[in-house]
Amino acid sequence: MTFLKTFLSKQLLRNLLYYSFQNEDYLTEITMIIKLNVGGKTFQTSTETLTWIPHTFFTALLSNNLPSEKDEHNAYFIDRDPDLFSIILKYLRTKQFTYFENRERLSRKEIVEILHEAEFYGIIPLIEKLYVLKNNTFGPNSFSKNSNNTGNDLTCGDIHFS
């Protein structure tokens, strides 16, 4: 019986080691090229770029924890704005956000649109940067509770939400 336990323990250890070295899918997934079809435009990037921030849309998508569709080219389909996504992807690649896009300063509307996309994708570091940028550039009340109202009304610029 002792021989059998020792044999099984050694066999189990061998199988675990074999599996960890032979099944390098996990390692190749880290550096795998991923195709994304965002609003009809194809993007290619690495899993490392998409997953360096934990608990995002992309980590859920690539770990199959999020229902997803693939197009005819085996690209993940994401029904979002491709122009805004290119800014999000640029941030994920460089870990930097620039206030100037194509040599022009971003407008308040563009910052709010990028912020909305960053919130959709769950990219917390970018969300924080955008809130700071928005508040420092346009003031803290550029998207906040209406100070003239005692209820739960919200305003965004000249738009009033009840």
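**Here we look at the pattern of salt bridges**
- The tally for this structure, following the rule as stated, stands at 2 salt bridges.
- One salt bridge in this structure joins Glu117 and Arg80, with 2.7 Å as the shortest N-O distance. Here Glu117 is found in helix α6 (residues 108-121), whereas its partner Arg80 is found in the loop between β4 (76-78) and α5 (82-94), with 37 residues between them in sequence. The same class applies to Glu117 as to Arg80, namely buried.

**What about the sheet that holds strand β1 (residues 33-38)?**
- Ordered by their spatial adjacency, 4 strands build an open sheet running β2-β1-β4-β3, and the pairing between neighbours is mixed. Each of the sheet's edge strands pairs with one partner strand only, and the pair in question is β2 (41-46) and β3 (69-70).
- Here β1 runs beside β2; their pairing, made up of 6 bridges, is antiparallel. Bridged to Lys35 within β2 is Gln44.

**With respect to the side chain of Thr59**
- With respect to the helices, strands and loops of the structure, Thr59 is situated in helix α4 (residues 57-62).
- Sequence-distant contacts of Thr59, that is, excluding residues within four places in its chain, are made with Thr51, Ile53 and Pro54.

**Some details on the packing of aromatic side chains**
- Summed over the entire model, instances satisfying the criterion amount to 9 aromatic pairs.
- Here Phe57 and Phe120 contribute two aromatic rings whose centre-to-centre distance is 5.3 Å and whose plane-to-plane angle is 40°, an arrangement assigned as tilted. Note that Phe57 is positioned in helix α4 and Phe120 in helix α6, a separation of 63 residues in sequence.
- A relative accessible area of 16% places Phe57 in the buried class.
- Through a chain of ring-to-ring contacts, three or more aromatic side chains come together here, namely Phe43, Phe57, Phe58, Phe85, Phe120 and Tyr121.
- The ring centre of Trp52 lies 4.6 Å from the NZ or CZ of Lys95, which sits over that ring.

**A few points about the packing of α5 against α6**
- Between α5 and α6, the least distance of the axes is 10 Å, while the angle of their chain directions is 70°. As summarised for this structure, α5 and α6 are arranged roughly perpendicular, according to the angle between their axes. Considering the relative orientation of α5 and α6, their crossing is right-handed. On α6, the residues that touch Leu84, Phe85, Ile87 and Ile88 of α5 are Glu113, Ile114, Glu117, Ala118 and Tyr121.
- Class assignment of the residues belonging to the contact of α5 with α6 gives a composition of 7 nonpolar, no polar and 2 charged.

About the thresholds
Residues numbered from 1 in each chain as written. Predicted model: local features only at pLDDT ≥ 70, side-chain atom pairs only at ≥ 80, totals over all residues. Heavy atoms only, no water. Salt bridge = Lys/Arg side-chain N within 4 Å of Asp/Glu carboxyl O. Helix = DSSP H or I, 4+ residues; strand = E, 2+ residues; numbered from the N terminus. Buried < 20%, exposed > 50% of the residue type's maximum accessible area, 1.4 Å probe, protein only. Pairing = 2+ DSSP bridges. Contact = heavy atoms within 4.5 Å. Phe/Tyr/Trp six-rings, centres within 6.5 Å; stacked < 30°, edge-to-face > 60°. Lys NZ or Arg CZ within 6 Å of the ring centre and 35° of its normal. Axes fitted to C-alpha atoms, helices over the stretch in contact; angles between N-to-C directions. Parallel < 35°, antiparallel > 145°, perpendicular 65-115°, else oblique. Left-handed = near helix turned anticlockwise from the far one by under 90°. Nonpolar A, V, L, I, M, F, W, Y, C, P; charged D, E, K, R; others polar.

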